[in-house]
Amino acid sequence: MFSTNSTSPISHAEFGEFTQVQGDAVRGRNRVTDYFYDYWLSKHEGDKLPCRADIRPNDLSRYLDHVVIMDVSDEEAFRLTVRLIGTHVANFYGEITGKDIHTMANQQAAERIYLVSKRVVRERLPFLTITPAFAQERQYLEAFALYLPLYNAAAEIEKILVAVDIRSLYR
């Protein structure tokens with residue numbers, strides 16, 4: 001479905017070390033993100049792009065605790081406001097429902113989320129990030145985050161659904 005496929009390791013002091021994967025290349029790296037990617041693709045009907053109303057919590061009950069839904073605003077400046085954060089994600093990043101991503105305690109992660117979300121909006125593609133040791137005190141963990149655009153009736157991205165899976169590197 002998506003012709004743009006690439007994997008690019010990124011290392012910036014302000015964002016930390018992580019890998020970005022886009023388009024269909026997101027498949028096959030994590031079972032949780034694969035589940036969400038396939039679900040998101042199933043919401044494409046012809047030329048119709050997936051929107052928030054297409055996402056049914058009952059369909060996602062298996063991994064609902066891995067979900068983050070962010071509102072995208074670009075009126076004055078690009079902003080990401082969390083509308084929903086699952087318990088699996090909140091356990092690591094904190095409860096930030098109704099708040100801007102920049103309120104997260106881990107500012108390196110917040111900047112990384114903003115960077116990738118801007119790419120999702122600009123390129124209109126799903127992106128997967130893989131981040132080892134996303135927090136200094138948790139060097140044994142790796143985070144997978146799949147960013148999926150959700151559109152409005154005018155085919156503009158108004159929300160981003162993020163599926164997050166945090167795993168031990170020792171499994």
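Right, let's talk about the overall build of the chain for a bit. When you go through the chain residue by residue, the secondary structure sums to three helices and seven strands. Reading the chain from its N terminus to its C terminus gives the helix and strand order β-β-α-β-β-α-α-β-β-β. Each of the 171 residues in the chain was classed as buried or not, and the buried ones make up 51%. Taking the contacts inside the chain whose residues are at least 6 apart along the sequence as the reference set, 50% of them involve residues at least 24 apart. Only carbon and sulfur atoms are counted for the fraction: they give 48% of the accessible area of the chain, which is about 8,500 Å².

A word on the environment of lysine 43. Tracing the backbone shows lysine 43 in the loop between α1 (31–42) and β3 (67–73). Here the alpha-carbon distance between lysine 43 and isoleucine 55, two residues twelve residues apart in the chain, equals 8.1 Å. Sequence-distant contacts of lysine 43, defined by excluding residues within four places in its chain, comprise Lys48, Pro50, Asp54 and Asp59.

Tracing the sequence through the fold places threonine 33 in helix α1. Excluding anything up to four places from it in sequence, threonine 33 contacts Leu128, Phe144, Leu146 and Ala163.

Our next topic: the packing of aromatic side chains. Each pair of aromatic rings is reported with the distance of its centres and the angle of its planes. Summed over the entire model, instances satisfying the criterion amount to five aromatic pairs. Consider the rings of phenylalanine 78 and tyrosine 114, whose centres lie 5.8 Å apart with planes at 80°: the pair is edge-to-face. Taken together, the residues phenylalanine 78 in the loop between β3 and β4 (79–85) and tyrosine 114 in helix α3 (residues 107–123) connect sequence positions 36 residues apart. Joined through ring pairs, the aromatic side chains of Tyr35, Phe36 and Tyr63 make up one cluster.

All right, on to the pairing of strand β5 (residues 127–132) then. The side chains of a regular strand alternate between both faces of the sheet. Among the six residues in β5, five count as buried, and that is most of the element. As judged from the six bridges shared by β5 and strand β6 (residues 141–151), these two strands associate in the antiparallel manner. Within β6, the position partnered with threonine 131 by the bridge is alanine 143.

The end-to-end C-alpha separation of α1 is 17 Å, in line with the 16 Å expected for twelve residues at 1.5 Å each. Of all the residues in α1, the buried ones are Val32, Thr33, Asp34, Phe36, Tyr37, Tyr39, Trp40 and Leu41. Tucked inside the fold, the buried residues of α1 contact β3, β5, β6 and β7 (157–168). Between the side-chain oxygen at the start of α1 and the backbone nitrogen of valine 32 there is a gap of 2.9 Å, and the oxygen is on asparagine 30.

Further remarks concern the pairing of β4. Sheet topology note: the β3/β4 ladder contains six bridges and is antiparallel. Paired with serine 73 across the bridge in β4 is arginine 79. Count of turn residues in the β3/β4 antiparallel hairpin: five residues.

The next thing to look at is the confidence of the model for the chain. Counting all residues, the mean pLDDT for the chain is 86, and 84% of those residues have values of 70 or more. In the model, residues 1–5 has pLDDT below 50 throughout and makes 20 contacts with residues more than four positions away in sequence or in other chains. Long-range and interchain partners of residues 9–15, a stretch whose pLDDT sits below 50, account for 15 contacts in this model, where long-range means more than four residues apart.

Note: most peptide bonds trans; most residues except glycine with negative phi. Unusually for a residue other than glycine, arginine 124 sits at a positive phi of about 60°. With respect to the helices and strands, the residue arginine 124 is situated in the loop between α3 and β5. Phi is positive for alanine 155, close to 65°, though the residue is something other than glycine. Looking at the secondary structure, you find alanine 155 in the loop between β6 and β7.

What follows concerns the side chain of glutamine 20. Considering the arrangement of structural elements, one finds glutamine 20 in strand β2 (residues 16–22). Here glutamine 20 falls in the buried class, since its relative accessible area comes to 3%. There is a polar contact of 3.0 Å between the side chain of glutamine 20 and the side chain of arginine 119.

Reading guide: rules and limits
- Residues numbered from 1 in each chain as written.
- Predicted model: local features only at pLDDT ≥ 70, side-chain atom pairs only at ≥ 80, totals over all residues.
- Heavy atoms only, no water.
- Helix = DSSP H or I, 4+ residues; strand = E, 2+ residues; numbered from the N terminus.
- Buried < 20%, exposed > 50% of the residue type's maximum accessible area, 1.4 Å probe, protein only.
- Contact = heavy atoms within 4.5 Å.
- Areas by Shrake-Rupley, 256 points an atom, 1.4 Å probe, with all protein chains shown as cover.
- Phe/Tyr/Trp six-rings, centres within 6.5 Å; stacked < 30°, edge-to-face > 60°.
- Pairing = 2+ DSSP bridges.
- Expected span 1.5 Å × (residues − 1).
- Polar contact = N/O pair within 3.5 Å; in protein donor to acceptor, adjacent residues only side chain to side chain.
- pLDDT = per-residue confidence, 0-100.

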